Amino acid sequence: MTDTDISNVVLVTVDSLRADAVGAYDDDRHTPVLDGLADRGTTFDHAFATGNWTPFSFPSIMASRPVFADTGRIGVEGVETLAETLSDAGFSTAGFNAANGFLTSHWGYDDGFDEFESFVTGVGSSIYSKYLATHPTVEAWLQFATSPIRRIGSWLRGGTDDRPFLDTSRMFDVEHAATDYVESVEEPFFLWIHYMDAHTPYVPAPRYIREVSDGLLGTHRMIHAHTRTGLGWNVGERTLADLRTLYQAAVRQVDASVGRVLDALETAGVDDETAVVVAGDHGEEFQEHGHLAHYPKLYDELVHVPFIVDVPGRDGGRVERQVGLDAIPPTVADLLGADAPDAWQGRSVAPSVLDGKTPADEPVVSVTVRGETVTSQPIPRSLDDGDLLVSVRDRDWTYIENVDAGEEVASGDRDGAGDRELYFRPDDPTQQENLIDDPTPEARAVLEEFEGLADAHAELLRAADGDAASEADGVDEELEHRLEALGYR
């Protein structure tokens with residue numbers, strides 16, 4: 001354990017937040033609140049999610065365990081979570097999730113929280129809101145039609161048009177629950193908040209579209225982009241640019257909300273004793289490998305995420321060595337002086353944050369499960385739902401293997417060229433040139449090490465006990481509806 005003056009930790013996770021969407025990782029981005037945290041705190045330049053989807057990444061974020069490793073299923077049932085560890089250590093705990101159906105009590109994510117709300121109940125409680133939640137193009141038109149009236153009303157009230165037309169992302173529900181908790185809690189606390197605004201569909205408030213674009217164009221970008229993608233039309237350069245603008249506007253919307261939560265910490269007088277940890281749970285693709293959103297692949301656009309730790313009174317800095325998000329639970333426990341369970345796989349990076357020590361040079365392993373095609377749905381909920389893909393990364397190299405494939409992967413997709421891929425990211429940052437067939441001596445040494453790590457991880461997951469097929473039973477109607485609204489059947 002590390003001796004600190006920290007009494008509280010706020011963990012902020014943002015769905016679908018790729019690293020280069022944040023100004024601390026890309027100077028062209030506009031995220032002033034997160035950039036301020038990065039300037040004051042420690043920024044991990046090479047932080048990687050352990051999966052391309054929320055249910056594949058969050059067992060690491062909340063329990064420092066690989067997905068499937070304990071039960072053969074998604075979720076954190078049967079493992080000691082960060083909230084449980086801190087609750088047992090005497091901390092007040094609260095978790096507020098913006099209606100991501102994979103982060104609910106059904107999969108054990110309420111374990112250890114004194115207060116927990118997933119805001120799934122009530123999403124789409126009326127025919128009207130159900131329709132808007134699953135039809136972003138219609139919502140975009142409503143944003144556009146009502147924007148002038150709302151802007152005039154906001155101006156007359158002395159406010160700004162910082163609210164979307166309908167809070168389908170549940171951002172304000174999460175934000176208000178978090179600020180209410182901060183204002184009322186009297187004990188040292190752990191607070192987790194999860195945002196969904198950067199997840200498809202991107203429907204940010206108009207002011208944030210103007211903030212991240214040229215200021216001359218607004219919500220028509222939403223209409224054009226959502227109409228073309230919703231109708232399955234070809235996504236050309238203009239549509240792709242519009243989608244990126246909407247995505248960045250949604251990220252900025254989250255950024256502003258995080259700022260209001262930080263203001264609540266200051267108002268409550270606890271900001272100087274509260275560490276703030278920020279991470280994306282996975283990234284988002286904009287056709288770098290032929291698709292949009294986050295399909296079952298393991299390239300950097302889906303795995304490289306921001307990871308920032310701000311501890312008041314510490315100088316911070318930047319850390320170049322790779323880390324996985326399974327470092328989050330032991331790091332938070334370390335900052336709060338709690339003992340980490342032996343079963344947790346990740347290593348605390350608190351020594352890097354507090355004393356500038358370099359993390360261990362350990363490659364990061366990530367996984368996904370792919371069905372017959374890249375675009376197959378639903379999201380796999382066990383290893384039986386498709387082939388297991390494993391990636392291994394260090395600061396420079398990426399290795400990806402379909403460990404269930406034969407000599408070749410029968411697929412017409414760009415990323416189905418074979419069952420093994422090797423990339424040297426300093427020369428090939430978007431992972432387009434597969435070096436597996438012509439490796440240099442250095443690449444051969446990396447390949448030998450990474451193949452062994454991939455095989456060992458696959459064996460760990462396959463050895464998990466439990467009847468994975470039974471996991472899908474018992475999902476209630478509200479939860480199934482929310483998963484459908486997010487694009488998952």
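Residues numbered from 1 in each chain as written. Predicted model: local features only at pLDDT ≥ 70, side-chain atom pairs only at ≥ 80, totals over all residues. Heavy atoms only, no water.

Peer 1: Teacher, can you tell me more about the pairing of strand 15 (residues 387-393) here?
Peer 2: Walk down a regular strand and you will see the side chains alternate between the two sheet faces. Most of strand 15 is tucked away, with six of its seven residues classed as buried. Taken together, the seven bridges between strand 14 (residues 364-370) and strand 15 define a ladder with antiparallel strand orientation. Among the inter-strand pairings, Val365 is bridged to a residue of strand 15, identified as Val392. Where strand 15 lies against strand 16 (residues 397-402), five bridges are found, and the strand directions are antiparallel. Across the sheet, Val390 pairs through a bridge with Glu401, a residue of strand 16. Two successive antiparallel strands, strand 15 and strand 16, enclose a turn made up of three residues. (Buried < 20%, exposed > 50% of the residue type's maximum accessible area, 1.4 Å probe, protein only. Helix = DSSP H or I, 4+ residues; strand = E, 2+ residues; numbered from the N terminus. Pairing = 2+ DSSP bridges.)

Peer 1: Would you explain the packing of aromatic side chains in this entry?
Peer 2: Any pair of aromatic rings gets described here by the distance separating the centres and the angle formed by the planes. Taken as a whole and assessed by the stated rule, the structure comprises 15 aromatic pairs. Centroid distance Phe56 to Phe68: 5.3 Å. Interplanar angle 75 degrees. Geometry classified as edge-to-face. Of this pair, Phe56 sits in helix 2 (residues 54-63) while Phe68 sits in the loop between helix 2 and helix 3 (82-88), and the two are twelve residues apart along the sequence. Like Phe68, Phe56 is buried. Where Phe102 meets Trp107, the ring centres are 5.3 Å apart and the plane angle is 45 degrees; that geometry is what we call tilted. In this pair, the class of Phe102 matches that of Trp107, namely buried. (Phe/Tyr/Trp six-rings, centres within 6.5 Å; stacked < 30°, edge-to-face > 60°.)

Peer 1: Just to check I follow, could you spell out the side chain of Asp35 for this structure?
Peer 2: Along the polypeptide, Asp35 turns up in helix 1 (residues 32-40). Arg318 provides the closest opposite charge to the buried, salt-bridge-free Asp35, at an N-O distance of 8.1 Å. There is a polar contact of 3.2 Å between the side chain of Asp35 and the backbone nitrogen of Gly23. Beyond its immediate sequence surroundings of up to four residues, Asp35 is in contact with Val22, Gly23, Ala24 and Arg29. (Lys, Arg positive; Asp, Glu negative; His and termini not counted. Salt bridge = Lys/Arg side-chain N within 4 Å of Asp/Glu carboxyl O. Polar contact = N/O pair within 3.5 Å; in protein donor to acceptor, adjacent residues only side chain to side chain. Contact = heavy atoms within 4.5 Å.)

Peer 1: For this particular structure, what's the right way to read the pattern of salt bridges?
Peer 2: Counted by the stated rule, this structure contains 19 salt bridges. For Arg18, the salt bridge identified is with Asp20, shortest N-O distance 2.7 Å. Judged by its relative accessible area of 7%, Arg18 falls in the buried class. Residue Asp20 is classed as partly exposed on the basis of its relative accessible area of 28%. Among the salt bridges present, the one from Glu211 reaches Arg207, with a minimum N-O distance of 3.2 Å. With Glu211 and Arg207 both in helix 7 (residues 206-212) and four residues apart, this pair spans about one turn of that helix. Assessed through its relative accessible area of 27%, Glu211 is described here as partly exposed. Each of the salt bridges in this network shares a partner with another, and the network as a whole consists of Arg207, Glu211, Arg252 and Asp255.

Peer 1: Would you take a moment to explain the sheet that holds strand 7 (residues 274-280) for this structure?
Peer 2: Paired through backbone hydrogen bonds, the strands of a sheet run either parallel or antiparallel to each other. Overall, mixed pairing links the eight strands, which are arranged 5-4-6-1-7-11-2-12 in an open sheet. With one partner strand each, in any of the chains shown, strand 5 (115-117) and strand 12 (317-319) form the two edges of the open sheet. On average, each strand axis in the sheet is inclined to that of its neighbour by 10 degrees, with strand direction left out of account. Relative to strand 11 (residues 307-310), strand 7 is paired through four bridges, and the arrangement is antiparallel. Paired with Val278 across the two strands is Ile308, which belongs to strand 11. Where helix 1 meets the sheet, its contacts fall on strand 2 (42-44), strand 7 and strand 11, and the angle it forms with strand 11 comes to roughly 65 degrees. Contacting strand 1 (8-14), strand 6 (189-195), strand 7 and strand 11, helix 11 (residues 328-335) crosses the sheet at an angle of about 175 degrees to strand 7. (Axes fitted to C-alpha atoms, helices over the stretch in contact; angles between N-to-C directions.)

Peer 1: It is not clear to me how unusual backbone geometry should be interpreted in this structure. Could you clarify?
Peer 2: For residues besides glycine, phi is generally negative; the peptide bonds are generally trans as well. Positive phi, normally seen in glycine, also occurs at Ser16, with a value near 65 degrees. For Ser16, the location among the structural elements is in the loop between strand 1 and helix 1. One non-glycine residue, Ser64, lies in positive phi territory at about 50 degrees. When you line up the elements, Ser64 lands in the loop between helix 2 and helix 3.

Peer 1: Would you mind going over the packing of helix 6 (residues 171-184) against helix 9 (residues 237-267) with me for this structure?
Peer 2: How two helices pack is summed up by the angle between their axes together with the distance between the axes. Close contact between helix 6 and helix 9 brings their axes to 9 Å; oriented N to C, the two are set at 15 degrees. Relative to helix 9, the element helix 6 lies roughly parallel. With respect to the hand of their crossing, helix 6 and helix 9 are arranged in right-handed fashion. Counted together, Met171, Phe172, Glu175, Thr179 and Val182 of helix 6 and Gln253, Ser257, Arg260, Val261, Ala264 and Leu265 of helix 9 form the full contact between these two elements. (Parallel < 35°, antiparallel > 145°, perpendicular 65-115°, else oblique. Left-handed = near helix turned anticlockwise from the far one by under 90°.)

Peer 1: What exactly am I supposed to notice about the sheet that holds strand 17 (residues 420-424) here?
Peer 2: As summarised here, the arrangement of the four strands in space is 14-15-16-17, forming an open sheet in which the pairing is antiparallel. Each of the sheet's edge strands pairs with one partner strand only, and the pair in question is strand 14 and strand 17. Averaged over all pairs of adjacent strands, the angle between strand axes in this sheet comes to 15 degrees, irrespective of strand direction.

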